[in-house]
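Overview (structure and organization)
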Amino acid sequence: MPTLRQLLLSSTEALRAAGVPSPETDARALLLHALGLGRTALLLRGHEEVASGDAARVTALTGQRAARVPLQHLLGEVEWGGVRLGSDARALVPRPETEWLLHLALAQLSGVPAPRVLDIGTGTGALALGLKAARPDAALWATDLSPDALALARENAALNGLDVTFVAGDLCAGLRGPFDLIVSNPPYLPEGDRQSADPEVRHDPDLALYAGPDGLDVARPLVREAGPALAPGGTLLLELDPRNAPALAAELRAGGWAAEVRDDLTGRGRFVSARRGPSE
């Protein structure tokens, strides 16, 4: 029977051979998850042998990860933006870059007492729940077109003990506001990306990823619905593909919005922040 260290080594090599990024980190996470062990187990008990049934569970999970099933799906949850989120095929895996959207949203709400916030296309509920956790005084609504995603979001709200109103439907889903902030990480990939998508991305719902020839087929109608739903001085904050964020910001400015593109942590213009002009 293999020891813990030997099992970690073989799992790491299998993931490395399959081209998985961070093979040792992923192998370690899967091993600890499969065996129900704490983070110090490999340091303190690495010499211990693993029973054949337990080793088989680790090998099976390693095989799924090698086939590029997202690590978050295999672990069943992810820590994101200060909350725990269940993660599976019902919704887009929350991305690290979207945590910066959460940061921008919280900065926008600084100094706004008891803000009213709408998260459009909530998916796992990540943004809405991260905002509610950081701003308990905020009233949060979140919409999604997918019943499966909304079910997962509600499960995540219960997991974290957070009060968010989830509404089934497209975009603003008929909610009139007024909202101090409307935030969204909508589908934004051009359809042309579908054929060359990363193997892991193919485990995410297409509904959460692709949005027409230029990736803006969801963002444009979202803008039209968001305008009337914002309170005076309210902000629309979007995450987009760096390839199309500048184009949407230009369209917003042409339509009378004060709009700017904000960089992500790698220096790419990923986020669009917009307010209605004074005459609006």
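In what follows, the accompanying structure is described. Residue positions within a chain follow its written sequence, with the count starting from 1. The predicted origin of the model limits local features to residues at a pLDDT of at least 70 and limits the giving and counting of side-chain atom pairs to 80 or more, whereas totals for whole chains, interfaces and linings rest on all residues. Side-chain figures throughout are based on the complete set of non-hydrogen atoms in the structure, without hydrogens or water.

Regarding the overall build of the protein
Helix and strand assignments come from DSSP, with helices taken as H or I runs of at least 4 residues and strands as E runs of at least 2, each series counted from the N terminus. The number of helices and strands found in the protein is 10 helices and nine strands. Both definitions apply: the radius of gyration is a C-alpha atom measure, and the globule rule equals 2.2 Å times residues to the power 0.38. Computed over the C-alpha atoms, the radius of gyration of the protein is 21 Å, within 12% of the 19 Å expected from 2.2 N^0.38 for a compact globule of 280 residues. Each principal axis of the C-alpha atoms in the protein carries an extent, and together these give about 75 × 40 × 35 Å. Type-normalised accessible area, obtained with a 1.4 Å probe on protein chains alone, sets the label of each residue: buried when under 20%, exposed when over 50%, and partly exposed for intermediate values. Across the 280 residues in the protein, those meeting the buried criterion constitute 49%. Nonlocal contacts in the protein, meaning residues at least 24 apart in sequence, comprise 64% of its contacts between residues at least 6 apart. Accessible area of the protein: about 12800 Å², with a carbon and sulfur share of 54%. By the counting scheme adopted, Arg and Lys are positive, Glu and Asp are negative, and His together with the chain ends is not counted. To locate a charge, take NZ of a lysine, CZ of an arginine, CG of an aspartate or CD of a glutamate. Here the protein contributes 27 positively and 35 negatively charged side chains, and the mean placements of these two sets differ by 2 Å. When checking whether two residues touch, look at their non-hydrogen atoms; a contact exists if any pair is within 4.5 Å. The method behind every accessible area is Shrake-Rupley, applied with a 1.4 Å probe, and residues are considered shielded solely by the protein chains displayed.

Comments concerning the sheet that holds strand E8 (residues 257-263)
Reading across the sheet, the seven strands line up as E5-E4-E3-E6-E7-E9-E8 and stay open at both edges, with mixed pairing between neighbours. Looking at strand neighbours, the two that pair on one side only are strand E5 (165-168) and E8, the edges of this open sheet. The mean inter-strand angle of the sheet, taken between neighbouring strand axes irrespective of direction, is 20°. The rule for pairing is simple: two strands pair if DSSP sees at least two bridges between them. Pairing between strand E7 (residues 230-239) and strand E9 (residues 269-276): four bridges, direction antiparallel. For Glu239, the partnering residue across the bridge sits in E9 and is Phe271. With axes taken as lines fitted to C-alpha atoms, and helix axes fitted only over the stretch in contact, angles between N-to-C directions fall between 0 and 180 degrees. Where helix H7 (residues 126-134) meets the sheet, its contacts fall on strand E3 (116-120), strand E4 (139-144) and strand E6 (179-184), and the angle it forms with E4 comes to roughly 175°. Packing against the sheet, helix H10 (residues 245-254) makes contact with E7, E8 and E9, and its axis sits at approximately 165° to E8.

Notes on unusual backbone geometry
For the bond running from Gly177 to Pro178, omega is 5°, close enough to zero to count as cis. Tracing the backbone through its elements, the reader meets Pro178 in the loop between E5 and E6. Even without being glycine, Ser22 reaches a positive phi, approximately 50°. Position of Ser22 relative to the elements: it lies in the loop between helix H1 (4-17) and helix H2 (23-35).

A closer look at the packing of helix H9 (residues 219-229) against H10
Running from N to C, H9 and H10 cross one another at 35°; their axes reach a closest spacing of 11 Å. The hand of the H9/H10 crossing is right-handed. Of H10, the residues touching H9 (which contributes Ala219, Arg220 and Val223) are Leu248, Glu251 and Leu252. The handedness criterion is simple: a crossing whose near helix is rotated anticlockwise from the far helix by less than a right angle is left-handed, and one whose near helix is rotated clockwise is right-handed.

Quick look at the layout of surface pockets
Counted as a void, the largest pocket has a volume near 790 Å³. Any residue with an atom within 4 Å of a point lines the site, the site being either a cavity, points on a 1 Å grid over the protein atoms alone where a 1.4 Å probe fits but cannot get out, or a pocket, an open set with protein on both sides within 12 Å along at least 5 of 7 lines. What lines the largest pocket is a set of 37 residues, among which Arg95, Pro96, Glu97, Glu200 and Val201 lie closest to the centre. Mapped onto the lining of the largest pocket, the elements with two or more residues apiece are H2 and helix H5 (71-75). Sorting elements by how many residues they give to the lining of the largest pocket places H5 first, with three residues. Grid points are joined across faces, edges and corners, and a volume is the space filled by probe spheres set on the points. The volume enclosed by the second largest pocket comes to roughly 550 Å³. Residue lining of the second largest pocket: 35 residues in total, with Gly121, Asp144, Asn185, Pro187 and Ala208 positioned closest to the centre. Breaking the lining of the second largest pocket down by element, the ones donating at least two residues are E3, H7, E4 and H9. When the residues that make up the lining of the second largest pocket are grouped by side-chain class, the tally is 19 nonpolar, 10 polar and six charged. Residues were grouped as follows: Ala, Val, Leu, Ile, Met, Phe, Trp, Tyr, Cys and Pro as nonpolar; Asp, Glu, Lys and Arg as charged; and all remaining residues, including Gly, as polar.

What about the packing of aromatic side chains?
Remark: the centre distance and the inter-plane angle together describe each pair of aromatic rings, the angle taken between the planes. A pair of Phe, Tyr and Trp rings is counted when the ring centres sit within 6.5 Å of each other, with Trp represented by its six-membered ring. The angle between the planes then sorts it: under 30 degrees is stacked, over 60 is edge-to-face, the rest tilted. On inspection of all chains with the given rule, the structure shows one aromatic pair. Ring centres 5.6 Å apart and planes at 70° place the aromatic pair Trp141 and Phe179 in the edge-to-face group. Remark: Phe179 occurs in strand E6 and Trp141 occurs in strand E4; sequence separation between them is 38 residues. Residue Trp141 is classed as buried on the basis of its relative accessible area of 19%. In this structure Phe179 comes out as buried when scored by relative accessible area, which is 1%. When the ring centre of Tyr210 is taken as reference, the NZ or CZ atom of Arg194 above it lies at 4.3 Å. Any Lys NZ or Arg CZ found within 6 Å of a ring centre and within 35 degrees of that ring's normal is scored as a charge over the ring.

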